[in-house]
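Here is what each chain is made of, one letter per residue.
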Amino acid sequence: MRLLDIIAVVALIATVILLASIVARQRQMLRSAGSIPLAVRRGQRWLYGVGRYHGDELRCYRAIGIGSRPSRVLRRGQLTVLGQRPPAPNELSSLPASAVIVDCRDVVGDVSIALADGAYMGFVSWLESSAPGG
């Protein structure tokens, strides 16, 4: 084999291992207690990922990526829900029709998250379960 063939094979193997590790990470995160699939709106795009409840925080992790830090953290005490709605017609190509979009505001700014109906009920329960005076 030539050197270029060896380099191509090594690059292919590295790519397959990287993709497998990303899928394994996402599956492991979804199996953890307090994890939900969600999408977070950034500009005009929806970024798919996993949300994990951790005390007073909802930590949003991107589905595709190798980083271990959340891409957005929503803190219960700083979060205001502006409203909820079904996907608009132009969002149906990116989101399921059954999704519930929650428009929120925190100290960072406005954020929209898309959740399944059951995950939305859990989100509302999490918001309402803050300690008295919190």
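Bear in mind that the values here come from a model prediction, so they are computed numbers and not experimental data. (Residues numbered from 1 in each chain as written. Predicted model: local features only at pLDDT ≥ 70, side-chain atom pairs only at ≥ 80, totals over all residues. Heavy atoms only, no water.)

A. Geometry of the state of the cysteines. Summed over the entire model, instances satisfying the criterion amount to zero disulfides. The closest cysteine sulfur to the non-disulfide-bonded Cys60 is located on Cys104, 9.6 Å from its own sulfur. The class for Cys60 is buried, based on a relative accessible area of 1%. (Disulfide = S-S within 2.5 Å. Buried < 20%, exposed > 50% of the residue type's maximum accessible area, 1.4 Å probe, protein only.)

B. Local environment of the environment of Leu82. Inspection of the secondary structure assignment puts Leu82 in strand 5 (residues 80–85). The spacing of Leu82 and Arg105 is 23 residues in sequence and 7.0 Å in space, taken between C-alpha atoms. Discounting residues that sit within four places of it in the chain, Leu82 has contacts with Asp103, Cys104, Arg105 and Asp110. (Helix = DSSP H or I, 4+ residues; strand = E, 2+ residues; numbered from the N terminus. Contact = heavy atoms within 4.5 Å.)

C. Inspection of empty space enclosed by the protein at higher detail. Per the stated rule, a full pass over the model turns up one cavity of 30 Å³ or more. The computed volume of the largest cavity comes to approximately 80 Å³. Around the largest cavity, the lining residues are Leu38, Val40, Arg42, Leu47, Tyr48, Gly49, Cys60, Tyr61, Arg62, Ser71 and Arg72. Along the lines of polarity and charge, the residues of the lining of the largest cavity split into six nonpolar, two polar and three charged. (1 Å grid on protein atoms, 1.4 Å probe; cavity = no way out; pocket = protein on both sides within 12 Å on 5 of 7 lines; lining within 4 Å. Points joined across faces, edges and corners; volume = space filled by probe spheres on them. Nonpolar A, V, L, I, M, F, W, Y, C, P; charged D, E, K, R; others polar.)

D. Layout of the confidence of the model for the protein chain. A residue-level look at the protein chain finds 86% of positions with pLDDT of 70 or above and a mean pLDDT of 85. Least confident of the elements in the protein chain is helix 1 (residues 3–31), whose mean pLDDT is 78; most confident is strand 6 (residues 100–105), at 95. (pLDDT = per-residue confidence, 0-100.)

E. Just the pattern of salt bridges, in detail. Applying the stated rule across the entire model yields eight salt bridges. Arg72 is the partner of Asp106 in a salt bridge, and the nearest nitrogen-oxygen pair spans 2.8 Å. Highlighted residues: Asp106 in the loop between strand 6 and strand 7 (110–115) and Arg72 in strand 4 (residues 72–75), separated in sequence by 34 residues. As far as burial versus exposure is concerned, Asp106 and Arg72 are alike and both buried. In this structure, the salt-bridge partner of Asp110 is Arg105, at a minimum N-O distance of 2.7 Å. A relative accessible area of 52% means that Asp110 is categorised as exposed. Residue class for Arg105 comes out partly exposed when judged on its relative accessible area of 42%. Each of the salt bridges in this network shares a partner with another, and the network as a whole consists of Arg41, Arg85, Glu91 and Asp103. (Salt bridge = Lys/Arg side-chain N within 4 Å of Asp/Glu carboxyl O.)

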